[in-house]
Structure formats: structure tokens, C-alpha cells
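# Summary of the model geometry
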Amino acid sequence: MNDPATSWQRRATAMVVFVGAFVLWMVFIGLPTDVVQIVAWLWVLTIAWNSGAGWSAHLSFLKDWWGPVAFLLVYLYSRGLADELFPLPVHVTEPIVFDEWLGGGTTPTRHLQDWLCDQPCSSASPPHWYDVVFTTVYFTHFVAGLTLAVILWMMSRGEWVRWMRRYLAISFGALVIYIFYPMAPPWMASQDGYLSEEVARLTGRGWSTMGLGGFHLALANVGNPVAAMPSLHAGLAALIAFYGVQRLRSSWRWLLLAYPLVMSFALVYYAEHYVIDIIAGFALAGAVLLACDAWERRRGQRPRYAARASRSAERSP
């Protein structure tokens with residue numbers, strides 16, 4: 001019989017080793033931004049957390065995850081070629097018209113950069129403390145959805161399946177739109193002279209104050225630059241928040257809505273997306289959530305929280 005104190009000591013030691021190895025990887029190789037690296041590190045995290053389990057349990061991770069990872073790789077490579085699959089023009093002016101109308105003749109991006117960025121605003125201008133926050137939130141896009149998936153996988157495989165269904169659905173839903181509606185983001189439109197007032201791409205801004213300045217290059221070059229409508233950064237953040245609000249019962253769950261709001265603020269401020277992209281991302285997240293819920297209800301796959309609520313209602317007079 002395992003001693004609980006010994007088990008926790010083993011787990012604590014394994015987690016310290018994991019954190020040390022990850023920090024060394026981050027310093028000498030860089031932050032993982034591709035799905036294979038991220039999932040590999042998350043697998044190592046599960047091994048460290050469940051260090052007392054046998055290898056058959058650890059290998060079950062690979063058995064469950066190889067399919068979703070394969071789908072995500074197809075998505076990533078297809079996203080990179082989205083504007084080359086069909087000879088469609090890159091849309092530029094439509095989002096500018098909407099955002100300038102919304103901002104009273106000036107895009108919200110320009111308003112935010114006038115307010116928060118030292119003038120003249122450029123990627124080389126001095127960052128502020130909030131830039132560290134916004135860049136960190138921006139980077140969570142690459143790891144938040146998969147980290148949530150790993151947590152659910154360790155807690156309940158059924159919930160993991162439900163979340164991965166939504167995660168893959170929003171990714172491929174966005175991909176279809178990218179293929180048929182390639183669109184230039186604000187920073188690209190500004191470089192090409194389409195915006196009446198210049199805006200700067202500030203992605204990665206603020207990490208230089210933590211000695212991580214070189215990593216902004218990786219962040220800025222992930223994906224396809226014209227795969228901008230809808231914003232998957234905003235959409236996935238909204239999906240995580242909506243899913244959490246739906247699944248959790250604590251009154252604190254509503255604080256999750258701050259995540260997509262801060263993410264959206266950062267995206268507009270950094271000239272990565274227009275406000276209309278954010279709205280489209282939120283709408284896609286809502287549509288995916290509703291569609292998956294409806295599909296699961298038709299198949300009789302009620303989530304646990306719904307079953308508990310049903311039993312409580314039956315017991316009440």
C-alpha cells in the first residue's frame with residue numbers, strides 16, 4: 001500500500017524536475033508554439049504529476065492523443081496554405097470601413113496605440129508593465145486549450161472528449177472561413193498603405209523586460225498572416241470561458257469571461273485583429289458550443305453537471 005506522504009514527495013520532486021527542464025528548454029531553445037512540442041511537454045507533465053503510475057498508464061496518453069494531434073497538424077498545415085488553395089483576393093477594405101465607423105473615423109487600434117504606446121508608436125518604443133500582461137495573455141492562445149484538455153483527460157476522459165470535440169470544431173470552422181475569405185490584419189493593411197493612420201504591430205511587446213525579447217519573433221510569425229477573419233485567438237479564448245461558465249457551478253466562474261475580453265483588447269491594441277474579427281471569433285465560439293451541445297443531446301450524451309441537476313430536481317418536492 002502506497003504511503004500518501006511518500007507519493008506526494010515523489011510527485012513534488014518530479015514536478016520540480018519538470019519545471020526545471022521546461023525552463024532550460026525555454027531559455028536555450030524557445031517557447032513551444034507548435035502542437036507537437038506543446039503536447040509532448042504536456043505529456044511529460046502528466047508523467048510528472050502521476051509519477052507513481054505505471055508506464056501502461058502513461059502510454060495511454062499517446063493512445064488517446066495521437067488522433068487529435070494528427071487533426072491539429074492537418075489544421076496547422078492547411079491554415080498555412082489557406083490563401084494558396086484557391087486564387088481568391090485578399091480582403092482589406094471591408095474590416096477597415098467597419099472599424100473606422102466603430103471608432104468615429106479612426107480605427108480602435110489607432111485609438112489604443114495613441115493612448116497606451118509612447119509616440120511615435122513602434123515595436124521599438126519602450127514597453128510598459130501592461131505590455132507584459134497583454135503579451136503573456138496573447139501567448140496563452142497556443143497552450144490554454146490543450147492545457148485544459150490535459151487537465152480534463154486526467155480528471156474525466158468523457159469531459160476530455162467533449163472538450164476536444166469543441167476545440168477541433170472551432171479550429172476547422174475557422175479554417176474553412178480562412179480558405180474562402182482571406183483577409184489582411186491591421187498591421188498588414190497599414191504596411192500596404194490602406195489605413196489612413198499608421199498602426200504598428202506590437203506582438204511580443206513587453207517580454208523584453210523579462211529577458212524574453214527574442215521570443216516575439218516566434219509569436220509574430222506563427223500561422224498565416226491573412227488567416228485573420230475570424231480571430232481564433234479571441235474565439236478560442238471565448239470558447240474556453242463559455243465552456244467553463246457552462247460546466248462549472250461556482251459563482252466565481254463568471255470571472256472566466258475576463259479572459260476573452262483581455263485577449264481581445266490585446267489583439268486590437270497590438271494591431272493583430274480588427275474589432276470585427278473579434279466579434280466573428282466570439283460568434284464562431286458560440287455557434288460551436290451550441291452545435292456540439294445539440295449533437296451530444298441527440299446522441300444522449302448528457303454532461304455530468306446536467307445529470308446531477310436532473311437528479312436534484314427529481315428529489316426536490
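Before reading further, recall that the structure is shown in the block above.
Figured I'd write up the structure that's included with this text. (Residues numbered from 1 in each chain as written. Predicted model: local features only at pLDDT ≥ 70, side-chain atom pairs only at ≥ 80, totals over all residues. Heavy atoms only, no water.)

### Focus: unusual backbone geometry
Let me state the cut-off plainly: Think of it this way: any DSSP run of H or I at least four residues long counts as a helix, any run of E at least two long counts as a strand, and we number them from the N terminus. Only protein chains enter the area calculation, which uses a 1.4 Å probe; residues under 20% of their type maximum are buried, those over 50% are exposed, and those in between are partly exposed.
Following glutamine 119, the chain continues to proline 120 via a peptide bond in cis, the omega torsion being 0°. Within the element layout of this structure, proline 120 appears in the loop between helix 5 (108-116) and helix 6 (129-140). Omega for the peptide link from methionine 229 to proline 230 comes to 5°, which places this bond in the cis form. Checked against the element boundaries, proline 230 lands in the loop between helix 10 (216-220) and helix 11 (232-247). At alanine 271, a position not held by glycine, the phi torsion is positive, near 65°. In this structure, alanine 271 sits in the loop between helix 12 (258-269) and helix 13 (275-298). Among the residues examined, alanine 271 registers a relative accessible area of 0% and is labelled buried.

### A closer look at the state of the cysteines
Let me state the cut-off plainly: Note that a disulfide, as used here, is simply two cysteine sulfur atoms within 2.5 Å.
Tallying each qualifying case throughout the model produces 1 disulfide. There is a disulfide in this structure between cysteine 117 and cysteine 121, and the S-S distance comes to 2.2 Å. An S-S torsion of about 100° defines the bridge between cysteine 117 and cysteine 121 as right-handed.

### Focus: the pattern of salt bridges
Rules: Salt bridges are counted wherever a side-chain nitrogen of Lys or Arg sits within 4 Å of a carboxyl oxygen of Asp or Glu.
For the structure on display, the rule yields 8 salt bridges. For arginine 162, the salt bridge is made with glutamate 159, and the minimal N-O distance between the two is 3.2 Å. With arginine 162 and glutamate 159 both in helix 8 (residues 157-180) and 3 residues apart, this pair spans about one turn of that helix. Glutamate 159 matches arginine 162 in its accessibility class, with the two residues each being buried. Put simply, aspartate 293 and arginine 166 hold a salt bridge, and the shortest N to O gap is 2.7 Å. With aspartate 293 in helix 13 and arginine 166 in helix 8, this residue pair connects regions lying 127 residues apart in the sequence. Under the relative-accessibility criterion, aspartate 293 is labelled buried at 13%. A relative accessible area of 0% places arginine 166 in the buried class. Several salt bridges share partner residues, and in doing so they unite Arg165, Arg166, Asp293 and Glu296 into one network.

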